[in-house]
Amino acid sequence: MTQIAEPEQSERSKVQSWRLHVLIEAGYPLSLAEKLADSEADLHHAVELVLSGCGHETAARILL
């Protein structure tokens, strides 16, 4: 079972890392980007909010 659990965790870690990268590229401060990356927040919505002029802190409050 350990072999099955490790690939799942590794895949989840890769996804969280990718989400963190996208959020940082969108200008989110590291602390907010980490919270959003680890959450179920819609990544595309997070980026769209910022692109439409929403502040990063406000966008994070909306999404979380």
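As the structure is a computational prediction, the values presented were derived from the model and not from experiment. (Residues numbered from 1 in each chain as written. Predicted model: local features only at pLDDT ≥ 70, side-chain atom pairs only at ≥ 80, totals over all residues. Heavy atoms only, no water.)

1. Considering the overall build of the chain
In terms of regular secondary structure, the chain is built from 4 helices and 0 strands. The linear arrangement of helices and strands in the chain, starting from the amino end, is α-α-α-α. Counting across all 64 residues of the chain, residues that qualify as buried make up 27%. At a minimum sequence separation of 6, the contacts of the chain that also span at least 24 residues come to 37%. (Helix = DSSP H or I, 4+ residues; strand = E, 2+ residues; numbered from the N terminus. Buried < 20%, exposed > 50% of the residue type's maximum accessible area, 1.4 Å probe, protein only. Contact = heavy atoms within 4.5 Å.)

2. Some remarks on helix H4 (residues 56-63)
Within the span of H4, buried status applies to Ala59, Ala60 and Leu63. Down the axis of H4, the sector holding all buried residues measures 100 degrees, keeping them to one side. Facing away from the buried surface of H4 by more than 90 degrees, the exposed residues are Arg61 and Ile62. Packing partners of the buried residues in H4 comprise helix H2 (30-37) and helix H3 (43-51). (Arc of directions from axis to C-beta.)

3. Things to note about the packing of H3 against H4
Running from amino to carboxyl end, H3 crosses H4 at an angle of 145 degrees, the nearest separation of the two axes being 9 Å. Like other packed secondary-structure pairs, H3 and H4 cross with a definite hand, here right-handed. Two secondary-structure elements touch here, H3 through His45, Ala46, Leu49 and Val50 and H4 through His56, Ala59, Ile62 and Leu63. The residue makeup of the contact of H3 with H4, split by class, is 6 nonpolar, 2 polar and no charged. (Axes fitted to C-alpha atoms, helices over the stretch in contact; angles between N-to-C directions. Left-handed = near helix turned anticlockwise from the far one by under 90°. Nonpolar A, V, L, I, M, F, W, Y, C, P; charged D, E, K, R; others polar.)

In short, geometric facts, not functional conclusions.
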